[in-house]
Amino acid sequence: LAPVRAHVGLNLVYLVPGETGGMETYARELIEALVAAAPELRLTAFVNREAAGEGKGPWGELVPAVTVPVHARNRVQWVRGEQEMLPRLAARAGVDLVHSLGSTGPAWGRFRRVSTIHDLHYRTVPDAHFGVRGLGMRLLVPLSARRAHRVIAVSHAVRDQLLALLRLPAEKVDVVPHGFGGQRRTEPLPEPEVRRRLGIGNDDSIVLSVSAKRPHKNLMTLLDALALLDAERRPTLVLPGYPTEHEDELRRRAAALGVDRNTRFLGWIDNAELEGLYASAACFVFPSAEGFGLPVLEAMACGVPVACSGEGAVGEVAGDAALRFDPRSPRAIADAVQRLLSDQTEADRLRQAGRVRAGRFTWEGTARGTLESYGRALG
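Since we're looking at a predicted model, the values are computed, not measured.

J.: Can you help me understand the pairing of strand S11 (residues 283–286) in this one?
T.: A regular strand places its side chains on the two faces of the sheet in alternate fashion. Burial along S11 is two-sided: Cys-283 and Val-285 facing one way and Phe-284 and Phe-286 facing the other are all buried. Of the pairings in the sheet, the one linking strand S8 (residues 206–208) to S11 comprises two bridges and is parallel in character. Looking at S11, one finds that Val-207 is bridged to Cys-283. Where S11 meets strand S12 (residues 306–309), three bridges bridge the pair, whose relative direction is parallel. The residue bridging Phe-286 from the neighbouring strand is Cys-308, located in S12. For the crossover from S11 across helix H12 (residues 294–301) to S12, the handedness is right-handed.

Rendered as structure tokens:
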């Protein structure tokens, strides 16, 4: 890999710490990996007032940060900061290239532009984004992709969508998967304490599914699948992830199906409790459509057997290290869960295969692919 001797601005105007999910993980881990992989590369992070005010993170610590004076929780301010202020601040800082890490980016500027597109949910699952944000994504993601000199897709599935839906030329798109493994592990909460906190008996199996409570996460179908399992031996489904208005619908569905006693709706939980859930879970189920699928790798790395959607990027990431199912079929999901709960040989095989699979995705590799994309954009 030839050294990239340039000044790269990282567009993090979208990033509100603790509220941006996988795209925040991507930014934190990629910055550290870029600094390690390319010490000759000059990096400057452009952050919003929320991120600047928090004062924690590789922006400002590992690389210098410039504050774009907007509050990104306000969508209008976020767009104005990214489209109007960022190009001027980047020009003033003398950057050669701006890399936008959150699917949208400035449409103008004398610098070269690279944009990472995480998904096209605004087209493929329109209810993934609500209101002003949904409208913004429909306008800004295509604009960012078309005005960029290089586009990074986080999976082959996203690349295929960019070519088919946005008509991008294939030679403009680089596939650079997310890494995995840089997150700091913490000591897990002991299983007896996990069960006590959640009111789960020692004889009940725990089925874990980590995701935001949003319609495109397909948790309604997962609840339908839970209802198909034998009531006398039904596991407890634990659902950590930040709450939304959709959670009320999920709770009503669980009650209507008669599985509310077998379901635990959790909000954000600390790392120790999450690690404890992974250590206590009999299996991990992920029925969602994603641009990549970091939660699947997280579960695999923790040694939890995984059942997941066989479609798109999630199936691509999981490979043969998970039981894959049709995410539209409650019966297919129920059968996969039942197999992992009852077939110990298969569960053990997937525990081993999952650890191997997760080990193939590294942030070092993500940094190398990103630097190659920078080289093509600058070349």
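So, next bit.
J.: Mind showing me how you'd approach the sheet that holds strand S4 (residues 97–100) here?
T.: In a beta sheet, neighbouring strands are held together by backbone hydrogen bonds and run either parallel or antiparallel to one another. Taken together, seven strands build an open sheet; the order of strands is S3-S2-S1-S4-S5-S6-S7 and the sheet is parallel. Where the open sheet ends on each side, the last strands, each with one partner, are strand S3 (65–67) and strand S7 (173–175). Taking the axes of each pair of neighbouring strands and ignoring which way they run, one obtains an average angle of 25° across the sheet. Pairing analysis gives four bridges linking strand S5 (residues 112–117) to strand S6 (residues 150–153), with the strands arranged parallel. Bridge pairing in S6 links Ile-117 to Ala-153. Taken strand by strand, helix H7 (residues 156–165) contacts S5, S6 and S7, and its axis lies near 165° from that of S7.

J.: Whenever I open this one, the nonpolar core confuses me. Can you help?
T.: Burial of nonpolar side chains together is a common tendency in soluble globular proteins. Within the largest apolar cluster, 95 residues are counted, with the highest numbers of intra-cluster contacts made by Leu-12, Leu-162, Phe-284, Leu-297, Met-300 and Tyr-374. By residue number, the principal contributor to this core is helix H1 (residues 22–37), which donates seven residues. Counting residues in each nonpolar core, the second largest holds 25 residues, with Leu-237, Leu-323, Ala-336 and Val-337 among its members.

J.: Would you explain the pattern of salt bridges in this entry?
T.: Opposite charge on two side chains permits pairing when their charged atoms draw close. Counted by the stated rule, this structure contains 24 salt bridges. Of the charged contacts, one joins Glu-84 and Arg-80 as a salt bridge, the two residues approaching to 3.4 Å between their closest N and O atoms. Taken together, the residues span about one helical turn, with Glu-84 and Arg-80 both in helix H4 (residues 75–93) at a distance of four residues. In this structure Glu-84 comes out as partly exposed when scored by relative accessible area, which is 39%. The partly exposed category is assigned to Arg-80, whose relative accessible area is 45%. Within this structure, Glu-193, Arg-196, Arg-197 and Glu-273 form a network of salt bridges that share partners.

J.: Teacher, can you tell me more about the packing of aromatic side chains here?
T.: As enumerated under the stated definition, the model contains four aromatic pairs in all. Ring centres of Phe-284 and Phe-286 lie 6.1 Å apart, and the angle between their planes is 15°; this geometry places the pair in the stacked category. Taken individually, Phe-284 and Phe-286 each receive the classification buried, so the pair is uniform in this respect. Taken together, the aromatic side chains of Tyr-278, Phe-284 and Phe-286 make up a single cluster linked through ring pairs.

J.: I tried to follow helix H14 (residues 330–342) on my own but got confused; where do I start?
T.: Structural remark: α-helix, 3.6 residues per turn; residues separated by three or four positions point the same way. Compared with the 18 Å implied by 1.5 Å per residue over 13 residues, the 18 Å span of H14 between its first and last C-alpha is a close match. Where H14 is buried, its residues touch S8, helix H9 (219–228), S11, S12, strand S13 (323–325) and helix H15 (344–359).

J.: Looking at this structure, I do not really get the environment of Arg-92. What am I missing?
T.: Here Arg-92 lies in helix H4. Sequence spacing of Arg-92 and Gly-18 is 74 residues, and the spatial spacing of their C-alpha atoms is 29 Å.

What counts as what
Residues numbered from 1 in each chain as written. Predicted model: local features only at pLDDT ≥ 70, side-chain atom pairs only at ≥ 80, totals over all residues. Heavy atoms only, no water. Buried < 20%, exposed > 50% of the residue type's maximum accessible area, 1.4 Å probe, protein only. Helix = DSSP H or I, 4+ residues; strand = E, 2+ residues; numbered from the N terminus. Pairing = 2+ DSSP bridges. Right-handed = clockwise from strand over helix to strand, strands pointing away. Axes fitted to C-alpha atoms, helices over the stretch in contact; angles between N-to-C directions. Contact = heavy atoms within 4.5 Å. Core = buried A, V, L, I, M, F, W, Y, C linked by side-chain atoms within 4.5 Å. Salt bridge = Lys/Arg side-chain N within 4 Å of Asp/Glu carboxyl O. Phe/Tyr/Trp six-rings, centres within 6.5 Å; stacked < 30°, edge-to-face > 60°. Expected span 1.5 Å × (residues − 1).

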